[in-house]
Every structure is written in C-alpha cells, then in structure tokens.
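Fold and contact review
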Amino acid sequence: MPLDSKEQRRILGKFVTGVTVASTKVGDETWGMTANAVTSLSLDPPLVILCIQKEGQSRIKFEEGGCFALNILSADQQEISDRFAFKGPKDFSDLDATTAKTGAPILNGTLGWVDCKLKEILPGGDHDIFIGEIVAGAAPEEGEPLLYYSGKYAKLPS
Ligand SMILES: Cc1cc2nc3c(=O)[nH]c(=O)nc-3n(C[C@H](O)[C@H](O)[C@H](O)COP(=O)(O)O)c2cc1C
C-alpha cells in the first residue's frame, strides 16, 4: 500500500529547502514558477534538476522555452515567491530583472542564479524532471536565504 500523499508531504516537508523562482522565455513571453524541487545534479558536466508538475501551465512553457534559470531567493523575497506560486502575473515585465545567455529572466537581489539550457525531460510520476545544463551563473549577494519547512516559509535562526 503506497504512503498516503498527505503523509508523504508531511514527512518530506521536514526536509528543509531553499526557495527559487524558475524562469523561462518563450518567444517574447517570460514565465516564472516558484520551485523548491530543485537540486544540483552533476559538476562535470554542470547539471541541475527542476521538477515541474504535469498539470498546470508551467510545464509546457518550460518545455517550449528550451531553457530555464533558477533564481535563489533571499529571506526578504517572500513576496516574489508568493507571486509566482499563487495568483499573480507570471511574467517579469514589471520586475527588476536581466538576462544572461539563454534569455531566461534573472532577478536582481537574489542570493544567486544559474542559467541553463534544457538538456532532457524525464518522467517522474505526476511531475516531470527537467535537466538543465548550466551555461552561466553567479552568486552576487551575501544574505539570508528564504527557506521552506513543513509547508511554511522559514528563516535561519539569527
Ligand atoms: C515554496 C514552494 C515551492 C514550490 N515548488 C514547486 C516545484 O518544485 N515544482 C512545481 O511544479 N511546483 C512547485 N510549487 C507550486 C508552483 O509554484 C505553483 O503551482 C505555480 O503556480 C505553478 O503554476 P502552474 O500550476 O500553472 O504551472 C511550489 C510552491 C511553493 C509555494
């Protein structure tokens, strides 16, 4: 008998993560999605993973975009996380953002970012696993990260 999905969430919610805004560009349109199912996968070649739920609008955008950036949010960027997780505009036209190599939006004021070419999409149940090859990146800001723990935002203890 598989684990109840609420129980799976409760248990895995104990695994604290940072919070990113994953971004892409499809033609002239930019698109963002708050994501914590991300990880560094390989150093040689430099690869990261981004897991995207199959249902919803984001999956197809990231496939069509053929690229993505991961913007690692700081503790004072919870509002940006909420915007890209819940009801709010998904484009970056009103935000302080630049681009690097692929054209995926890079938010200013984050702790760091990587810009990736989409290399492969693997199936993962009700999510798909997007593997990105890093083509540019930086960690410009020192500061506190935004965390996610037990279904809530959290901060490092001061
Ligand atoms: C902290 C946090 C982390 C999230 N991580 C992911 C994630 O890794 N993958 C995902 O598909 N959705 C994740 N979500 C949910 C998406 O941000 C949310 O569903 C978003 O609105 C995507 O739009 P869509 O459902 O239209 O694709 C997360 C939400 C929050 C608040």
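Structural notes, computed from the coordinates.

Here is what the cut-offs are and how they apply
Residues numbered from 1 in each chain as written. Predicted model: local features only at pLDDT ≥ 70, side-chain atom pairs only at ≥ 80, totals over all residues. Heavy atoms only, no water. Near = heavy atom within 4 Å. Polar contact = N/O pair within 3.5 Å; in protein donor to acceptor, adjacent residues only side chain to side chain. Areas by Shrake-Rupley, 256 points an atom, 1.4 Å probe, with all protein chains shown as cover. 1 Å grid on protein atoms, 1.4 Å probe; cavity = no way out; pocket = protein on both sides within 12 Å on 5 of 7 lines; lining within 4 Å. Sits in = over half its atoms within 2 Å of the grid points. Helix = DSSP H or I, 4+ residues; strand = E, 2+ residues; numbered from the N terminus. Nonpolar A, V, L, I, M, F, W, Y, C, P; charged D, E, K, R; others polar. Pairing = 2+ DSSP bridges. Buried < 20%, exposed > 50% of the residue type's maximum accessible area, 1.4 Å probe, protein only. Contact = heavy atoms within 4.5 Å. Axes fitted to C-alpha atoms, helices over the stretch in contact; angles between N-to-C directions. Core = buried A, V, L, I, M, F, W, Y, C linked by side-chain atoms within 4.5 Å.

Once that is clear, we can look at the site of the ligand. Looking at the ligand, there are 14 residues lining it, with Thr 34, Ala 37, Cys 51, Gln 53 and Ser 58 nearest. Between an oxygen atom of the ligand and a main-chain N or O atom of Ala 37, the distance comes to 2.9 Å. Between Gln 57 and the ligand, the recorded distance is 3.0 Å, taken from a backbone N or O atom to an oxygen atom. Protein contact buries 84% of the 630 Å² of open area that the ligand shows by itself. For the ligand, the cavity whose grid points lie within 2 Å of the majority of its atoms is the largest pocket. Mapped by element, the contributors of at least two residues to the shell around the ligand are strand E3 (29-35), strand E5 (47-53) and helix H3 (78-85). Broken down by class, the residue content of the shell around the ligand amounts to eight nonpolar, six polar and no charged.

Below, the discussion takes up the pairing of strand E4 (residues 38-42). In this sheet, E5 lies alongside E4 in antiparallel orientation, the contact comprising four bridges. Residue Ser 40 lies in a different strand from E5, and its bridge partner there is Val 48. The antiparallel hairpin formed by E4 and E5 contains four residues in its connecting segment.

Mapped onto the secondary structure, Pro 123 falls in strand E9 (residues 112-124). Residue class for Pro 123 comes out exposed when judged on its relative accessible area of 65%. In this structure, Pro 123 is in contact with Asp 128 and Ile 129, ignoring residues within four places of it in sequence.

Attention now goes to the sheet that holds E5. Overall, antiparallel pairing links the seven strands, which are arranged E3-E2-E6-E9-E10-E5-E4 in an open sheet. Two strands lie at the open edges of the sheet, namely E3 and E4, each paired on one side alone. Averaged over all neighbouring strand pairs, the angle between strand axes comes to 35°, with direction disregarded. By the bridge criterion, seven bridges tie strand E2 (residues 20-26) to E3 in an arrangement that is antiparallel. Paired with Thr 20 across the strands is Ala 35, a residue of E3. Together, E2, E3, E5, strand E6 (67-72), E9 and strand E10 (127-138) form the strand contacts of helix H2 (residues 58-65), whose direction differs from that of E2 by roughly 60°. Across the sheet, H3 is in contact with E2 and E3; its angle to E3 comes to roughly 110°.

Looking at soluble globular proteins, one finds that nonpolar side chains tend to be buried together. One finds Ala 22, Trp 31, Met 33, Ala 35, Val 48, Leu 50, Ile 52, Phe 62, Phe 68, Leu 70, Cys 116 and Phe 130 forming the largest nonpolar core, which totals twelve residues. For this core, the secondary-structure elements that each account for two or more residues are E3, E5 and E6. Excluding anything up to four places from it in sequence, Ala 22 contacts Trp 31, Gly 32, Met 33, Leu 50, Phe 62, Ala 69 and Leu 70.

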